[in-house]
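Summary of structural features
In case you want the letters, here they are:
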Amino acid sequence: MRSLLCRPLEGLTLATTLIVLAGILTTSSLTAAKDVDKVPELDLTKIMNDKVYSKVFVRRREEHKLLVNHLRSIEDYAKRYKLMKLGLDEIVRVIREEGAKLRGNQITAESEFPKVQELITALAQFLENTCLFGEIVLHFPDMSYRILKNVTDWRELMTQALNYTKGFAHILDDKSIELLGLLNQEINEDQRTDEYVNPYREVEATTTAPPKKKKDKAKPKKGPSLTPSRNEL
């Protein structure tokens, strides 16, 4: 993980970026590598709790920001679209599958932090991918909506996901909580405040024409008028 973060951003390959994007670079996958097959597998159940994971979560969120910067650096529309589609499809899949595990085992913000490694991974991937979804949709709203239009229930699915994730305020950092609030307004128009504006939307990013100068009203001449004066609209 450390070597991945230390590489120049421009050197990220499509496969490497997708690994970060999907949030699937887990401890179990690392310990399965051939060069570390002699090292005993790390038992997360003995060291992981909500306080420890909150620090891991912040680190993962930093990776998300690196990824957003990388996506913004891709000027080719087709390449960015392809990468984002692969990523968003994977995020939706993770939210569905890991969400089902969490519901089936009644894992909530009020329950005890999971002790089973499979559920620890499920919770981590759910929280991280929900926030990553927010980063992508908020920074690339128009392209995201074009990709998601074929997923009929994505709005309901992700609204439930962000509400579930917001419940873990004792794990999330303040910026992630703020991001989820903005995501809720972005994908649900009825939740938007009067002050909400997404500067990354294509329509709002276009420059508006300067306002037309008002013509000076002609001063009425004294004396009788041959035609009735027009009312200003």
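First, a word on what this report is: a plain description of the structure on this page. As the structure is a computational prediction, the values presented were derived from the model and not from experiment.

Applying the stated criterion across every chain yields a total of 13 salt bridges. The shortest N-O distance in the salt bridge between lysine 85 and aspartate 89 comes to 2.9 Å. In this pair, lysine 85 and aspartate 89 both sit in helix 6 (residues 77–104), four residues apart, roughly one turn of the helix. According to the relative accessible area criterion, lysine 85 is partly exposed, its value standing at 35%.

Here glutamate 135 lies in helix 7 (residues 117–139). The exposure class of glutamate 135 is buried, given its relative accessible area of 6%. Excluding anything up to four places from it in sequence, glutamate 135 contacts Arg61, His64, Lys65, Val68 and Leu179.

A separate point is unusual backbone geometry. The phi torsion at glutamine 106 lies on the positive side, around 55 degrees, for a residue other than glycine. If you trace the backbone, glutamine 106 turns up in the loop between helix 6 and helix 7. Judged by relative accessible area, glutamine 106 falls into the exposed class, the value being 65%.

This part takes up the nonpolar core. By size, the foremost hydrophobic cluster in this structure holds 49 residues, and its most contacted members are Tyr53, Met84, Leu88, Phe133, Trp154, Met158 and Ile187. Among the secondary structure elements, those contributing two or more residues to this core are helix 5 (50–73), helix 6, helix 7, helix 8 (141–148), helix 9 (154–166) and helix 10 (174–187). With 13 residues, the single largest contributor to this core is helix 7. Setting aside anything within four residues of it in sequence, one finds isoleucine 187 in contact with Val137, Tyr145, Trp154, Arg155, Met158, Thr159 and Leu162.

Basis of the calculations
- Residues numbered from 1 in each chain as written.
- Predicted model: local features only at pLDDT ≥ 70, side-chain atom pairs only at ≥ 80, totals over all residues.
- Heavy atoms only, no water.
- Salt bridge = Lys/Arg side-chain N within 4 Å of Asp/Glu carboxyl O.
- Helix = DSSP H or I, 4+ residues; strand = E, 2+ residues; numbered from the N terminus.
- Buried < 20%, exposed > 50% of the residue type's maximum accessible area, 1.4 Å probe, protein only.
- Contact = heavy atoms within 4.5 Å.
- Core = buried A, V, L, I, M, F, W, Y, C linked by side-chain atoms within 4.5 Å.

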